[in-house]
Amino acid sequence: MFSYIIRKSLYAIPILIGVNVITFLLFFVVNPPDIMARRMLGEKNVTPEAIQKWKSDNGYNLPSFVNTKEAGWAVVTNTIFFQKSMRLFWFDFGRSDRTKVDIGSEIKQRMGPSFLLALPTFIFGIMVEIVMAMLIAYYRGSYLDFWTVLICVIMMSVSMLFYIIGAQYFFGKVLKLFPISGYDTGIYSLKFIMLPVIIGIIGGVGVGIRFYRTLFLEEVSKDYVRTARAKGLSERSVLFRHVLKNAMIPILTDVMMTLPFLFVGSLLMESFFAIPGLGSFTIDAINAQDFAIVRSMVFLGAVLYIIGQLLTDISYTIADPRIRLS
Amino acid sequence: MLLNYYMNGFMQTINIHLDAYCVAGNCAVFLLILLIIRFIQSAAHREHYRMAWRQLKVKVLPMISMVILCIYVLLALMDSIAWHDRALNPDGSPSVNVGNYPVFDTNSLTLLDRAFSSLRKNNEKTFSAPFAGEQFTMETIVKANGAKQRITPKLKYPGAHWLGTDKVGSDVLFAALKGVRTALIVGGLTTLIVIPFAIFFGVMAGFFGKWIDDIIQYSYTTLASIPNVLLIVSFMLLMDKGLFQLCIILGVTNWTGLCRFLRGETLKLRELDYVQAAEALGVSRLKIIYRHIVPNLMHIVLIACVLRFSAMVLTEAVLSYIGIGVGSNTGSWGTMINAARLDLTREPVVWWNLLAAFVFMIGLILPANIFGDALRDALDPKLKTR
């Protein structure tokens with residue numbers, strides 16, 4: 001088991017290097033530092049000196065891959081690729097281009113609110129989805145099934161933007177049940193988080209119920225279910241004791257994949273509700289064209305994705321003994 | 001050259017003019033129609049698709065959805081065929097330049113613009129509610145005796161705006177209609193970019209295996225591990241905003257899922273008896289791929305495309321909200337929502353902008369989802385999609 005995890009983790013390294021190369025190509029070759037400086041300083045009356053100064057202030061005045069002016073290791077370390085891209089490997093994100101804040105500490109600080117918003121959305125969301133999916137799998141083929149699925153399709157056809165804008169207007173402005181946006185620390189954050197959590201659940205529930213329903217129905221048509229029925233088990237105990245347990249395996253992989261992303265948070269929710277998490281951090285960086293932050297978030301996202309895949313693999317082997325570690 | 005000469009002569013006699021952009025747009029439309037007709041023609045000969053169609057055509061909801069989708073496609077096609085009109089002098093006569101050559105408008109108009117020209121031209125001053133006869137906002141007027149009065153002035157075209165007008169007084173219904181083409185291009189063109197990539201790499205990886213498989217698997221895993229939204233955002237920040245840039249990057253970020261799926265299916269197909277038999281008989285590998293593998297993957301591609309379509313339209317709206325979508329020159333529902341969000345904070349509230357975008361969006365996405373589901377059930381009920 002241990003060696004399996006090690007091997008899987010090692011497999012992630014070339015992928016991370018690949019991600020790094022792609023981001024480097026995107027941010028430094030397609031968009032060289034000169035253009036970046038021009039954008040930062042504003043298009044009007046930019047002098048070459050100002051560009052040079054901005055580049056040396058932010059460490060963009062180095063050569064891309066090989067620094068011929070240096071000796072020893074510095075030939076490769078004192079380059080843009082090493083300073084800006086390779087450092088991401090040990091989570092040294094550097095400073096933001098515009099506001100000069102330390103990105104690493106900012107990320108640590110903002111993970112909390114993101115997590116606080118994403119965790120309840122995720123847990124309650126998946127509970128609602130599984131319960132509903134079980135229910136309509138129990139009453140499969142009935143009118144309840146048909147209408148629930150149709151409502152799910154309608155719900156997933158509505159853009160998240162409408163849910164957010166509509167709920168903010170109706171619950172926040174008309175009924176005044178929740179504050180429209182904002183954030184507070186500690187227990188007071190609860191009243192700010194309620195509405196985005198509810199919207200998050202409603203927005204995702206359509207896709208989820210349908211997906212879990214197909215998983216359950218697939219299990220229901222298998223041989224062991226027929227055997228269980230033939231033994232004389234009631235439909236209810238077949239569903240709860242046999243089908244649910246077996247359907248847990250695909251559900252688990254699905255859950256494990258989303259787990260790491262709870263830290264990143266949702267771009268839309270956080271920016272609409274002004275929650276100071278990583279999502280709004282990213283949106284602000286996009287609007288300010290702060291490439292250092294966007295770059296860091298791309299790398300962070302890739303790392304979390306790979307962790308998610310690793311967790312999926314591991315949980316799969318634990319949940320399903322039939323899978324051999326090879 | 002001769003053809004060009006005759007074409008120009010012909011168009012001058014009927015008073016229209018095409019520039020390179022119009023020609024490209026119009027050609028793309030006809031090419032697309034041709035492609036669809038070709039696909040339907042080839043599908044009509046295959047029993048698999050004919051059976052699916054027999055199953056599909058007796059279902060009410062999917063058929064209604066198909067009709068609605070066709071209307072949307074028609075609107076988008078109308079909005080894609082464009083040409084320039086003769087420019088008119090102030091007195092209404094067609095204007096000519098020194099050599100007595102006709103002068104044309106700098107802006108081209110599409111077939112949709114022409115069909116709904118009353119909506120396009122009948123602009124008010126500012127907000128007005130649906131079907132209203134009076135302006136939504138108050139104005140101060142000075143009466144003949146010098147007294148000031150706050151009134152809601154009469155509209156220039158009372159009752160003409162079925163979905164009201166926006167801040168600058170242009171018709172909301174017309175803006176929503178203009179968004180149809182953008183949405184369909186984002187959904188459709190992206191799919192057209194995704195399909196060849198996914199089929200080519202997926203089949204290559206699954207059929208040839210070994211190092212080809214390793215390289216292709218590595219590249220799509222790497223690409224897939226970068227969060228989609230962030231990759232799109234980075235790309236759009238670095239490039240200029242625009243419809244085609246958006247389609248390209250959406251295509252680049254979306255081919256990985258389908259590619260992985262097609263690779264798996266190819267691995268399965270490769271082991272089937274008829275492929276093994278063909279191989280044993282010495283049929284060349286390219287021919288096996290062309291004759292046996294790809295045709296058996298097409299139904300999966302078709303299902304994936306229809307189901308992906310609505311996700312693309314939704315993504316466009318979100319990206320336009322973040323401000324990295326198609327840009328402000330191209331009318332789209334995302335930009336409408338973005339503008340409507342500010343209108344919602346007004347007192348009294350302006351809701352019809354948002355409603356128009358909502359109705360048009362759900363009117364496209366809901367039928368697309370229902371039709372996609374029915375298509376999947378008819379073609380391959382076991383296919384698992386999320």
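Residues numbered from 1 in each chain as written. Chains lettered and ligands numbered in written order. Predicted model: local features only at pLDDT ≥ 70, side-chain atom pairs only at ≥ 80, totals over all residues. Heavy atoms only, no water.

## Looking at the overall build of chain A
Turning to step 1, where the next piece is worked out: The secondary structure content of chain A amounts to 14 helices and zero strands.
Turning to step 2, where the next piece is worked out: Helices and strands appear in chain A in the N-to-C order α-α-α-α-α-α-α-α-α-α-α-α-α-α.
Turning to step 3, where the next piece is worked out: A globule of 326 residues ought to have a C-alpha radius of gyration of about 20 Å, yet chain A, at 25 Å, is considerably larger.
Turning to step 4, where the next piece is worked out: Taking the principal axes of its C-alpha atoms as reference, chain A extends roughly 85 × 60 × 35 Å.
Turning to step 5, where the next piece is worked out: If you take every contact in chain A between residues at least 6 apart in sequence, the share linking residues at least 24 apart comes to 68%.
Turning to step 6, where the next piece is worked out: Here chain A contributes 31 positively and 22 negatively charged side chains, and the mean placements of these two sets differ by 4 Å. (Helix = DSSP H or I, 4+ residues; strand = E, 2+ residues; numbered from the N terminus. Rg over C-alpha atoms; globule rule 2.2 N^0.38 Å. Contact = heavy atoms within 4.5 Å. Lys, Arg positive; Asp, Glu negative; His and termini not counted. Charge placed at Lys NZ, Arg CZ, Asp CG, Glu CD.)

## Observations concerning the packing of aromatic side chains
All names here are of chain B.
Turning to step 1, where the next piece is worked out: Counted by the stated rule, this structure contains 13 aromatic pairs over all chains.
Turning to step 2, where the next piece is worked out: Seen in terms of ring centroids, F197 and F201 are 6.2 Å apart; in terms of plane orientation they differ by 25 degrees. Their pairing is stacked. With F197 and F201 both in helix 7 (residues 172-208) and four residues apart, this pair spans about one turn of that helix.
Turning to step 3, where the next piece is worked out: A relative accessible area of 26% places F201 in the partly exposed class.
Turning to step 4, where the next piece is worked out: Plain terms: the ring middles of W351 and W352 are 5.5 Å apart, the flat faces sit at 80 degrees to each other, and that makes the pair edge-to-face.
Turning to step 5, where the next piece is worked out: Through pairs of rings, three or more aromatic residues link up here, namely F197, F200, F201 and W255. (Phe/Tyr/Trp six-rings, centres within 6.5 Å; stacked < 30°, edge-to-face > 60°. Buried < 20%, exposed > 50% of the residue type's maximum accessible area, 1.4 Å probe, protein only.)

## Section: the pattern of salt bridges
Turning to step 1, where the next piece is worked out: Per the stated rule, a full pass over the model turns up 15 salt bridges over all chains.
Turning to step 2, where the next piece is worked out: For R140 of chain A, the salt bridge is made with E235 of chain A, and the minimal N-O distance between the two is 3.2 Å. Of this pair, R140 of chain A sits in the loop between helix 6 (103-138) and helix 7 (143-157) while E235 of chain A is found in helix 11 (residues 235-258), placing the two residues 95 residues apart along the sequence.
Turning to step 3, where the next piece is worked out: By relative accessible area, R140 of chain A is classed as partly exposed at 30%.
Turning to step 4, where the next piece is worked out: Residues participating in the shared-partner salt-bridge network are R210 of chain A together with D373, R376 and D377 of chain B. (Salt bridge = Lys/Arg side-chain N within 4 Å of Asp/Glu carboxyl O.)

## Describing the domain arrangement of chain B
Think of interface size as the accessible area that goes away when the parts come together; that is how it is often given.
Residues and elements named next belong to chain B.
Turning to step 1, where the next piece is worked out: Annotation of chain B at the domain level lists domain 1 (1-16 + 84-116), domain 2 (123-170) and domain 3 (172-384).
Turning to step 2, where the next piece is worked out: Using C-alpha coordinates to define each centre, domain 2 is positioned 43 Å away from domain 3.
Turning to step 3, where the next piece is worked out: With twelve residues of domain 2 in contact, the opposing surface of domain 3 contributes twelve residues.
Turning to step 4, where the next piece is worked out: Between domain 2 and domain 3, the buried area comes to about 930 Å², and carbon and sulfur atoms account for 75% of it.
Turning to step 5, where the next piece is worked out: Ranking the residues of domain 2 by area buried against domain 3 places F127, F136 and L163 at the top, with a combined share of 60%. (Domains from an automatic or database assignment. Buried area = accessible area lost by both parts, 1.4 Å probe.)

## Things to note about the interface of chain B and chain A
Turning to step 1, where the next piece is worked out: On the chain A side, the residues contacting the 45 residues of chain B number 49 residues.
Turning to step 2, where the next piece is worked out: Carbon and sulfur atoms supply 74% of the area that chain B and chain A bury against each other, a total of about 4,100 Å² over both sides.
Turning to step 3, where the next piece is worked out: Linking chain B with chain A are one salt bridge, by the criterion used here.
Turning to step 4, where the next piece is worked out: Across the pair D373 of chain B and R210 of chain A runs a salt bridge whose closest N-O atoms are separated by 2.4 Å.

## With respect to empty space enclosed by the protein
Turning to step 1, where the next piece is worked out: Per the stated rule, a full pass over the model turns up one cavity of 30 Å³ or more.
Turning to step 2, where the next piece is worked out: Here the largest cavity is characterised by a volume of approximately 30 Å³.
Turning to step 3, where the next piece is worked out: Forming the boundary of the largest cavity are I22, T23, L26, F27 and V298 of chain A together with L231 and S234 of chain B.
Turning to step 4, where the next piece is worked out: Broken down by secondary-structure element, the contributors of at least two residues to the lining of the largest cavity are helix 1 (2-29) of chain A together with helix 9 (228-238) of chain B.
Turning to step 5, where the next piece is worked out: Looking at the lining of the largest cavity element by element, the count peaks at four residues for helix 1 of chain A.
Turning to step 6, where the next piece is worked out: Class assignment for the residues of the lining of the largest cavity results in five nonpolar, two polar and no charged. (1 Å grid on protein atoms, 1.4 Å probe; cavity = no way out; pocket = protein on both sides within 12 Å on 5 of 7 lines; lining within 4 Å. Points joined across faces, edges and corners; volume = space filled by probe spheres on them. Nonpolar A, V, L, I, M, F, W, Y, C, P; charged D, E, K, R; others polar.)

## Concerning a nonpolar patch on the surface
Turning to step 1, where the next piece is worked out: A surface patch of nonpolar side chains, amounting to about 740 Å² of accessible area, comprises F2, I6, L10, I13, I17, V21, L25 and V29 of chain A.
Turning to step 2, where the next piece is worked out: Along the chain, the position of I13 of chain A falls in helix 1. (Patch = residues over 30% accessible without salt bridge, like charges linked within 9 Å, V, L, I, M, F, W, Y side chains within 5 Å. Areas by Shrake-Rupley, 256 points an atom, 1.4 Å probe, with all protein chains shown as cover.)

## A word on the packing of helix 3 (residues 47-56) of chain B against helix 14 (residues 352-379) of chain B
Residues and elements named next belong to chain B.
Turning to step 1, where the next piece is worked out: Where helix 3 meets helix 14, the closest approach of the two axes is 9 Å, and the angle between their N-to-C directions is 130 degrees. When the axes of helix 3 and helix 14 are compared, the pair comes out oblique. In the crossing of helix 3 with helix 14, the sense of the turn from one axis to the other is right-handed. Note on element contacts: helix 14 touches helix 3 through F371, A374, L375, D377, A378 and L379, opposite H48, Y49, A52, Q55 and L56.
Turning to step 2, where the next piece is worked out: Residues of the contact of helix 3 with helix 14, tallied by class, amount to eight nonpolar, two polar and one charged. (Axes fitted to C-alpha atoms, helices over the stretch in contact; angles between N-to-C directions. Parallel < 35°, antiparallel > 145°, perpendicular 65-115°, else oblique. Left-handed = near helix turned anticlockwise from the far one by under 90°.)

## Quick look at the pairing of strand 4 (residues 139-142) of chain B
Regular strands show a simple pattern: their side chains alternate between the two faces of the sheet.
Residue and element names in this part refer to chain B.
Turning to step 1, where the next piece is worked out: Bridging between strand 4 and strand 5 (residues 148-151) involves four bridges; their strand directions are antiparallel. Opposite V142, over in strand 5, you have K148 as the bridge partner.
Turning to step 2, where the next piece is worked out: In this structure, the hairpin formed by strand 4 and strand 5 is closed by a connection of five residues, where G146 is found at a positive phi of approximately 90 degrees. (Pairing = 2+ DSSP bridges.)

## Observations regarding the packing of helix 4 (residues 60-78) of chain B against helix 14 of chain B
Residues and elements named next belong to chain B.
Turning to step 1, where the next piece is worked out: Contact geometry of helix 4 with helix 14 gives a least axis separation of 8 Å together with a crossing angle of 130 degrees. If you check the angle between helix 4 and helix 14, you find them oblique. Helix 14 is crossed by helix 4, and the crossing has left-handed handedness. Taken together, the residues of helix 14 that come into contact with helix 4 (itself represented by L61, P62, S65, M66, I68, L69 and Y72) are V359, F360, G363, L364, P367, A368, I370, F371 and A374.
Turning to step 2, where the next piece is worked out: Of the residues contributing to the contact of helix 4 with helix 14, the split by class is 14 nonpolar, two polar and no charged.

## Regarding the domain arrangement of chain A
All names here are of chain A.
Turning to step 1, where the next piece is worked out: When cut into domains, chain A gives domain 1 (2-90) and domain 2 (103-319).
Turning to step 2, where the next piece is worked out: Domain 1 and domain 2 are separated by 35 Å when their C-alpha centres are compared.
Turning to step 3, where the next piece is worked out: With 20 residues of domain 1 at the interface, the matching set in domain 2 holds 17 residues.
Turning to step 4, where the next piece is worked out: For the pair domain 1 and domain 2, the summed buried surface comes to about 1,600 Å²; carbon and sulfur atoms form 78% of the total.
Turning to step 5, where the next piece is worked out: The three residues of domain 1 that bury the most area against domain 2 are L16, F27 and L88, which together make up 31% of that side's buried surface.
Turning to step 6, where the next piece is worked out: Counting across the domain 1 and domain 2 interface gives zero salt bridges.
Turning to step 7, where the next piece is worked out: The tally of links from domain 1 across to domain 2 stands at zero residue pairs in polar contact (both at pLDDT 80 or more).
Turning to step 8, where the next piece is worked out: Broken down by secondary-structure element, the contributors of at least two residues to the side of domain 1 that touches domain 2 are helix 1 and helix 2 (33-41).
Turning to step 9, where the next piece is worked out: Tallying contributions element by element places helix 1 first for the side of domain 1 that touches domain 2, with twelve residues.
Turning to step 10, where the next piece is worked out: Its residues placed into classes, the side of domain 1 that touches domain 2 shows 13 nonpolar, four polar and three charged. (Polar contact = N/O pair within 3.5 Å; in protein donor to acceptor, adjacent residues only side chain to side chain.)

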